2 protein chains.
Amino acid sequence: MARDFQGTLQSFQQYLRKMQDISDASSVLYWDARTGMPKKGVDRRSQVIATLSAEAFRMSISDEMGNYIAYFLEPENNEKLDDIMRAVLAECKKEYDRSRKIPADTFEEYVRLTAKAESVWEDAKDTADFSMFRPYLEQIVQMNAEFIEYWGYTGNKYDTLLEYYEPGMTVEKLDRIFGDLRKELVSLLQRVKESPHKPRTKIFEQYFDPAKQREFSIYILKKMGYDFHAGRIDETVHPFEISFGPGDVRITTKYLPNDFRSALFSSMHEGGHALYEQNISERLIGTILCSGTSMGIHESQSRFWENIVGRSKTFWSHFLKAAIEHFPEQFRGVTLEEFYRGINEARESLIRIEADELTYNLHIMIRYEIEKALFNGDLQVKDLPLAWAEKMREYLGVEPQHDGEGCLQDVHWSGGSFGYFPSYALGNIYSAQFLHAMKKEMPAYDSYVADGRLIPIKDWLAGNIYQYGKMQTPEEILRRVAGEEVNGKYLVDYLTAKYTDVYQL
Amino acid sequence: MARDFQGTLQSFQQYLRKMQDISDASSVLYWDARTGMPKKGVDRRSQVIATLSAEAFRMSISDEMGNYIAYFLEPENNEKLDDIMRAVLAECKKEYDRSRKIPADTFEEYVRLTAKAESVWEDAKDTADFSMFRPYLEQIVQMNAEFIEYWGYTGNKYDTLLEYYEPGMTVEKLDRIFGDLRKELVSLLQRVKESPHKPRTKIFEQYFDPAKQREFSIYILKKMGYDFHAGRIDETVHPFEISFGPGDVRITTKYLPNDFRSALFSSMHEGGHALYEQNISERLIGTILCSGTSMGIHESQSRFWENIVGRSKTFWSHFLKAAIEHFPEQFRGVTLEEFYRGINEARESLIRIEADELTYNLHIMIRYEIEKALFNGDLQVKDLPLAWAEKMREYLGVEPQHDGEGCLQDVHWSGGSFGYFPSYALGNIYSAQFLHAMKKEMPAYDSYVADGRLIPIKDWLAGNIYQYGKMQTPEEILRRVAGEEVNGKYLVDYLTAKYTDVYQL
C-alpha cells in the first residue's frame, strides 16, 4: 500500500467503490430473480449472486481492508479525513470487526449451518414440527453466544446483538420502553375486545380488479412523492423495497383480487422505505453510507406512511373520493367513518405479519423476551414452544394450535438474526415521535394531509431524516429531530386516541 | 499457485467460474438498463456495469490467468485435461493473447479512444459530418494496423481481424465467396428491379394493436420451441437477444403500431439467436464455452428462423390462418400468394439494417471491401465517403445524399470492430447450407413446416449445432453438418428460386 496519505486515500476509495458496485449489482440480480426471471434461470442465478455476495463480503473483511482501517484510524491520518470518509471508515470497521473477530473456520461453519438451517426451517414450519428445527436452532443460539464472547459486551450479553441492527439500543432501554408499552397496549386491546362497536370490513372484501388496484397504488405513491423516474413498482409474492442508489429505488407489492387493503397498504409501506432511499443526499451515492441508518429508523418510515398517514381519518377525508372514483361500484355510498374504522380493525391474532397496528408490538415483545432469555441462560431452546404459547396467552389472549403458527412462523432465527425483531416495534415508536415533532414544527400538518398535499411532509422527513443516510446514528437523529431519546409515550398516546375513536371506547 | 495438477486445476476452475459469473452479472445489469430501469438510474448503473466489465476483463488478462494458461499448455498437464477444459483453455488463451500482446499503455489509450469515438460518431452521424469523425477513425484504423503487427499475421493482414469474429475465415476465402455471390446477386437484383410484378405491401401498413402483435409473436416463438420458462420477451428501441446461460435467454422486440412485419420478424430473428443459446449443452453451463461459436454461425440461426423459415411460402401456408385470426380485419380476404410476396419485397436501399434478404449481402460486401482496402493500404480514411458512394452505385444502383445515410450509418467502426461485418453475410450463406443439409437428412422438412411443426427443425439444429456451444469451430461445424466448407452456391440457389417466384421472373 502506498504510504502517502493522498495516494492511500485514493486507493481506499477505489477499493470501496468496487465493493459497493459489486454489492449493488448483486441487489439488481436479486430483484430480477424475484420479479421477472424465468424459472429455469434459478440455479445459475443463485450461483452468480453467491459469487458477487461472496466477493463483496471477502473485500469487507480482507487483510487489505484491515490495513486501510488501521491506517486511517491513526490519529494523524484520521484527522485529515472529511466527515463522509470518517463515517465510511466507522461503518467499514463495524463490518470488519464483526466478522474478523470470529475465527475464520468457526465463521465458515456458521455460514454453512445457517444456510442449511433455513431450508430445514421451511420444512419444519410446513409440517409444524419443532423437533426437526430444534437441533439447528440450538446450534445457532450456541454459536451466537460464542460470538458474543468474541465480539465482547459490557452490559447485557444480548446488547451486542441489538447493537448490530439498532446502534445504541440496549436491554436496559428496551425493558423500560417495552415494559411501559406492553401494559398500555394489553389494557387498550382488552377494551377494544370488549367494545360492542366493531368496525365492518365486508366492504373491502369484494372483487377489486388488480389492474385498477395497481393504478390506485401508483396514484397514491405519486402523491407521497415517490419518484417513478427513480423507481418502479412490480408484483411479487412477498412485497419488498430495494435500492440501487437514490436514482433507482424499486418496490413490489401483491394484488389480492378480493381485498382492497393488502396491495394499497403494502405499497404505502414499501413506498415509505423507498422515500427514505430516494432522498439520501447525492454526496453519499456509491458509498456504504447510502442507505437508511438502522432497521428501526427505516421501519419508522414505512410505518409512518402506511399507518400514521395511510390509516388516518384525515388522509381519507381527502382520498376517499379518489378511492370511490377508482372503485365506484364497490365503494358506492360508503361514508368516511365507515371506511376509516374498517381499515383500522384491530384484533388478537396468531401471525405477526398479519397483525394490526395495535397488536403488532405485542408480537414483537414476545420475540424480544424470548431472545433475551435465550442469551442470558433463562430459557433453553427446547422450552421455546411452551414459552411462546404462554406469552401469547398473556399478551394477546390467544394460543397457537401448533408451532407452525407459533414459534416457527418467522424466518429470522434460522438465519441467526437475533436482535432484529425489536427494530419493528422501535419503528412504530420512532414514527410516533417523528409525528409529534413534525406537528410541532409544521402546524399545518393536518391541513396538508386533509388537502391531500403530502409533499411538504415528505420534504420535512427528507430534510430531517432521509438525506443523512448512515451519516447519523439513530440516537443522533432522534435527539436532533424529536429532541429526546427513544420514548414510547407518543405511540401510546397516538394509539389510544386512534382506537378510542375507532372503537368508540 | 499450487503445483500439483488437481489443486491447480481446481483453483483455475474456481477462477474461471468467478470470471464468468461476474461477466454474466454484467449482462443482467445491461438487460435491466435497456428494458425497465428508471431513467435516473443511468449514471449509477453505468458505473456498476463498468466496474463488473473491468473486473471480468482484468481477470481475463491477469498474470494469474497467464500462469494458468502456461501451466496447462505444458504437454504433461495438457494431456490430462478433458475435452471441455482443453477448449476452455484455448478460448482463454485467445482472449489473453489478444490483449496482452499489445503494450498495456497502448491498449489503455485505445480503450479511451474508442469510448470517445463512439460519442463523436453519434454526433457526426446525426449531423452527417464525416470530417468530425474522420480524425478518430484514422486513429482507430492506425492503431488496429499496429495491433495486427503485435498479433501477427501470415497471409493478408486483414485475416487477423476476421479471425477474431469468425475463426478460420480469410480474405482468400471471402474474396472468392463474395466475388461469386456478388455477381449473382447484382444480376438477380437487376431482374427483380425490372420485373413488372411488384409485390404489394399496403396490407402490412395498417394499424396493428401492439398488444395483439405481442400475442402473435409469442405464439410463433412458442411454435419455434423458444422456451418461455427459460426466457422472456420485452420491448426495447433496438431489438436484441441476451443470454445468462441456457436457463435464461431473453429477447426484445419493438412493436410498430403501423407495421405488421417489424415486431414479428425481429422476434423470429432474435428468437433464432435465443434457440441457439437455450439449447447449449448443460455440460457447458457457467463456462466460457456456453455461447454460440462465432458471430457468423450465430447469425446463421437468426437468419434461418427469420428468413428461411419465417419468410417462406410453406410457413405461411400454415400460419396465415393464425395471422388472420389475430388480425381478422386487417387481413380479411388476403391470399397466401399476396401475403407471401408482400413480406418478400426486395429493393435497393441505402441503410443496411433496413435491407431485405436479397440486397442485405451487397451492403456487407461494400463494408468488407472497404475494410480490406483500409488495412492493406489501398484506401485512406479520407477517401472513404467516395469509395462508399461508388460501391453503392455499382452494387445497388443507389447513392447516399449525405454520409449520415452513407459511411456513417453503422456504429461498428467507432468501436474498432473491423472484421465483424462479414459475419452477417456469412450467416446468410451458412443458413442456406444448413437448410440444404437438413432437407437431405430430414426429407420431411417441408411437410413439417407446412404442418406448422417446427420443433423437429429446432431439434435437428440443436442436435447438430446448438448443443456444442463453443466446443467446435465454425469450420468444424460446417464440415460435419454440411459436409463441406463455406459455400455461397446454396444461398444463390435459394435466393434465385425465391425471387423468381416472388417477382415472377
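Residues numbered from 1 in each chain as written. Chains lettered and ligands numbered in written order. Predicted model: local features only at pLDDT ≥ 70, side-chain atom pairs only at ≥ 80, totals over all residues. Heavy atoms only, no water.

(A) How the structure looks around the packing of helix H11 (residues 261-278) of chain B against helix H12 (residues 295-309) of chain B. Residues and elements named next belong to chain B. For the pair H11 and H12, the least separation of the axes is 8 Å and the interaxial angle reads 135°. On the basis of their axis angle, the class for H11 and H12 is oblique. Of the two elements, H11 crosses H12, and the hand of that crossing is right-handed. In this structure, H11 contributes Phe-265, Met-268, His-269, Gly-272, His-273, Leu-275, Tyr-276 and Glu-277 to the contact, and H12 contributes Ile-297, His-298, Glu-299, Gln-301, Ser-302, Arg-303, Trp-305, Glu-306 and Val-309. (Axes fitted to C-alpha atoms, helices over the stretch in contact; angles between N-to-C directions. Helix = DSSP H or I, 4+ residues; strand = E, 2+ residues; numbered from the N terminus. Parallel < 35°, antiparallel > 145°, perpendicular 65-115°, else oblique. Left-handed = near helix turned anticlockwise from the far one by under 90°. Contact = heavy atoms within 4.5 Å.)

(B) Structural context of the interface of chain A and chain B. Listed per partner, the contact involves 37 residues of chain A and 37 residues of chain B. The junction of chain A with chain B conceals about 2,800 Å² of combined surface from both sides, 56% of it contributed by carbon and sulfur atoms. Linking chain A with chain B are 12 salt bridges, by the criterion used here. Across the pair Arg-250 of chain B and Asp-32 of chain A runs a salt bridge, and its minimum N-O distance is 2.7 Å. Applying the counting rule to chain A against chain B returns 22 residue pairs in polar contact (both at pLDDT 80 or more). Counting only elements with at least two residues in the side of chain A that touches chain B, the list comes to helix H1 (5-35) and helix H2 (42-60) of chain A. Residue contributions to the side of chain A that touches chain B peak at 11 residues, all from H1 of chain A. Each residue belonging to the side of chain A that touches chain B can be placed in one class, and the counts come to 13 nonpolar, 9 polar and 15 charged. (Buried area = accessible area lost by both parts, 1.4 Å probe. Salt bridge = Lys/Arg side-chain N within 4 Å of Asp/Glu carboxyl O. Polar contact = N/O pair within 3.5 Å; in protein donor to acceptor, adjacent residues only side chain to side chain. Nonpolar A, V, L, I, M, F, W, Y, C, P; charged D, E, K, R; others polar.)

(C) Inspection of the relation of the copies chain A and chain B at higher detail. Note on the identical chains: chain A maps onto chain B by a rotation of 179° and an axial translation of 0.0 Å, with an RMSD of 0.1 Å. Taken together, the rotation and translation relating the two chain copies correspond to the operation of a two-fold axis. (Least-squares fit on C-alpha atoms with pLDDT ≥ 70 in both.)

(D) Geometry of the sheet that holds strand S1 (residues 233-235) of chain B. Residue and element names in this part refer to chain B. Across the sheet, 3 strands lie side by side as S1-S3-S2; this open sheet has mixed pairing. The sheet is open, and its two borders are formed by S1 and strand S2 (241-243), each paired with just one other strand. With direction set aside, neighbouring strand axes in the sheet form an average angle of 25°. When S2 meets strand S3 (residues 249-253), the two strands line up antiparallel, connected through 3 bridges. Of the residues in S3, the one forming a bridge with Ile-242 is Arg-250. (Pairing = 2+ DSSP bridges.)

(E) Region of interest: the pattern of salt bridges. Going through the model one piece at a time under the given rule, you end up with 78 salt bridges over all chains. With a closest N to O distance of 2.9 Å, Arg-44 of chain B and Asp-21 of chain A form a salt bridge. Within this pair, whereas Arg-44 of chain B is found in helix H2 (residues 42-60), its partner Asp-21 of chain A is found in helix H1, the two belonging to separate chains. Each member of the pair, Arg-44 of chain B together with Asp-21 of chain A, is buried. Close ionic contact of Glu-55 of chain B with Arg-58 of chain B constitutes a salt bridge, the shortest N to O distance being 2.9 Å. A residue pair is termed a helical-turn pair when its members lie 3 or 4 positions apart in one helix, as Glu-55 of chain B and Arg-58 of chain B do in helix H2 at 3 residues. Residue classification places Glu-55 of chain B among the buried positions, given a relative accessible area of 5%. For Arg-58 of chain B, a relative accessible area of 40% puts it in the partly exposed group. A single network of salt bridges, built from pairs that share partners, joins Asp-32 and Arg-45 of chain A together with Asp-248 and Arg-250 of chain B. (Buried < 20%, exposed > 50% of the residue type's maximum accessible area, 1.4 Å probe, protein only.)

(F) Region of the structure containing the environment of Ala-346 of chain B. Residues and elements named next belong to chain B. Among the secondary structure elements, Ala-346 is positioned in the loop between helix H14 (336-342) and helix H15 (360-375). Accessibility expressed as a relative area gives 6% for Ala-346, which makes it buried. Distance in space between the C-alpha atoms of Ala-346 and Tyr-360 is 9.7 Å, their sequence separation being 14 residues. Discounting residues that sit within four places of it in the chain, Ala-346 has contacts with Val-192, Asp-356, Leu-358, Tyr-499 and Tyr-503.

(G) The side chain of Asp-21 of chain B, seen in detail. Since its relative accessible area comes to 0%, Asp-21 of chain B is described here as buried. Non-local contacts of Asp-21 of chain B, meaning those with residues more than four positions away in its chain, are made with Arg-44, Gln-47, Val-48 and Thr-51 of chain A.

(H) Spatial organisation of the domain arrangement of chain A. Residue and element names in this part refer to chain A. Domain parsing of chain A yields domain 1 (1-100) and domain 2 (202-349 + 424-472). A separation of 31 Å is found between the C-alpha centroids of domain 1 and domain 2. Facing 14 residues of domain 1, the contacting portion of domain 2 comprises 16 residues. Overall, the association of domain 1 and domain 2 removes approximately 1,500 Å² of surface from exposure, summing both partners, and the carbon and sulfur fraction of that is 73%. Its largest share of buried area at the contact with domain 2, domain 1 owes to Trp-31, Ile-84 and Glu-91, together 38% of the area lost on that side. We note a salt bridge from Glu-91 to Lys-470, for which the minimum N-O separation is 3.7 Å. Our count for the contact surface shared by domain 1 and domain 2 stands at 1 residue pair in polar contact (both at pLDDT 80 or more). Elements represented by at least two residues in the side of domain 1 that touches domain 2 include exactly H1 and helix H5 (83-100). Top contributing element to the side of domain 1 that touches domain 2 by residue count: H1, with 8 residues. For the side of domain 1 that touches domain 2, a count of residues per class yields 7 nonpolar, 3 polar and 4 charged. (Domains from an automatic or database assignment.)

(I) The arrangement of unusual backbone geometry in detail. Phi is positive for Ala-128 of chain A, which is not a glycine, with a value near 50°. For Ala-128 of chain A, the location among the structural elements is in the loop between helix H6 (104-126) and helix H7 (130-151). Owing to a relative accessible area of 26%, Ala-128 of chain A belongs among the partly exposed residues under this scheme. Of note in this structure, Gln-504 of chain B is not a glycine but carries a positive phi near 45°. By the secondary structure assignment, Gln-504 of chain B is in the segment after helix H21 (489-502). Judged by relative accessible area, Gln-504 of chain B falls into the partly exposed class, the value being 42%.

(J) Local environment of the packing of aromatic side chains. Scanning the model with the defined rule gives 86 aromatic pairs over all chains in all. Centroid distance Phe-315 of chain A to Phe-319 of chain A: 4.5 Å. Interplanar angle 35°. Geometry classified as tilted. With a gap of 4 residues between them, Phe-315 of chain A and Phe-319 of chain A both fall in helix H13 (residues 313-326), about one helical turn apart. One Lys or Arg, Lys-489 of chain A, reaches over the ring of Tyr-490 of chain A and ends 4.7 Å from the middle of that ring. Against the face of Phe-265 of chain B rests Arg-311 of chain B, its NZ or CZ located 3.9 Å from the ring centre. (Phe/Tyr/Trp six-rings, centres within 6.5 Å; stacked < 30°, edge-to-face > 60°. Lys NZ or Arg CZ within 6 Å of the ring centre and 35° of its normal.)

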